[in-house]
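# Working through the structure, step by step
Here's the letter readout for the chains.
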Amino acid sequence: MYKTNFLNAFLIVLFLMMIAEISYGQTYGKLYQKADAEQYYGTVAKSFQFSTEEVLSFLKQTDKVLMFNITDNKLFILGDDRKSIYPANAVVSSKEVFSVYSISLIQELISKGKSNTINFEKRHSVLTISNGEYLLEFSEYCPPICP
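Notes on the structure in this doc start here.

Turning our attention to the overall build of the protein chain. Within the protein chain one finds 4 helices and 10 strands. Ordered by position in the sequence, the α and β elements of the protein chain form the string α-β-α-β-α-β-β-β-β-α-β-β-β-β. Burial analysis of the protein chain (147 residues in total) assigns 39% to the buried set. In the protein chain, the proportion of contacts linking residues at least 24 apart, taken out of those at least 6 apart, comes to 67%.

Shown next, in the form of structure tokens:
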């Protein structure tokens, strides 16, 4: 009986540690060259363009992640804890799924892309962020994982 309880407790602790690592210890997204990414994800169906400076101001409003979704041809951008960034006072359902990207990868995208504009894009089945000749994809989805 003691061994069973110990094993159960150990498995629960291990599971909680794995969840914490998923939620807090990783980056969200993967950087691609735009030409390669278009082979994987297809062409852009809808795009919202912002100046790089404006996106940098979005990044200052959050610590870890930037999330976005395109719904009914409108762009919504959230920060940590699903706090609305763009539009500033937008209200979104907690059930609405957003693509999550780490701030560090968005900053790397800006650094490598060196363009004055950033595009938040809807492709066939994914949402991407592009700058110059680079593109971010391979995001996590919130929910279920909301850092």
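Now, onward.
Now for the state of the cysteines. The tally for this structure, following the rule as stated, stands at 1 disulfide. A sulfur-sulfur distance of 1.9 Å marks the disulfide that ties Cys-142 to Cys-146. Between Cys-142 and Cys-146, the disulfide has an S-S torsion of 105° and is therefore right-handed.

As a further point, take the packing of helix α3 (residues 52-59) against helix α4 (residues 103-113). In the contact formed by α3 and α4, the axes pass within 11 Å of each other and the chain directions differ by 160°. One way to sum up the angle between α3 and α4 is to call them roughly antiparallel. By crossing handedness, the relation of α3 to α4 is classed as left-handed. Note on element contacts: α4 touches α3 through Ile-103, Ile-106, Gln-107 and Ile-110, opposite Thr-52, Val-55, Leu-56 and Leu-59. A per-class count over the contact of α3 with α4 returns 6 nonpolar, 2 polar and no charged.

This next bit is on the environment of Lys-95. Within the secondary structure, Lys-95 is located in the loop between β5 (84-86) and β6 (98-102). Overall, Lys-95 belongs to the exposed group, its relative accessible area being 71%.

On the basis of which strands lie adjacent, the open sheet formed by 5 strands has the order β1-β9-β8-β7-β2 and antiparallel pairing. Looking at the sheet topology across the chains shown, the edges are occupied by β1 (30-33) and β2 (46-51). For this sheet the average axis-to-axis angle between neighbouring strands, irrespective of direction, equals 25°. Strand direction decides the pairing type here: β1 and strand β9 (residues 134-137), joined by 4 bridges, are antiparallel. Among the inter-strand pairings, Tyr-32 is bridged to a residue of β9, identified as Leu-135. Relative to the sheet, α3 contacts β2, β7 (117-122) and β8 (127-131), its axis offset from that of β2 by approximately 85°. Along the sheet face, α4 touches β1, β7, β8 and β9 and points at about 165° away from the line of β9.

Conventions we followed
- Residues numbered from 1 in each chain as written.
- Predicted model: local features only at pLDDT ≥ 70, side-chain atom pairs only at ≥ 80, totals over all residues.
- Heavy atoms only, no water.
- Helix = DSSP H or I, 4+ residues; strand = E, 2+ residues; numbered from the N terminus.
- Buried < 20%, exposed > 50% of the residue type's maximum accessible area, 1.4 Å probe, protein only.
- Contact = heavy atoms within 4.5 Å.
- Disulfide = S-S within 2.5 Å.
- Axes fitted to C-alpha atoms, helices over the stretch in contact; angles between N-to-C directions.
- Parallel < 35°, antiparallel > 145°, perpendicular 65-115°, else oblique.
- Left-handed = near helix turned anticlockwise from the far one by under 90°.
- Nonpolar A, V, L, I, M, F, W, Y, C, P; charged D, E, K, R; others polar.
- Pairing = 2+ DSSP bridges.

So yeah, pure geometry; function would need other evidence.
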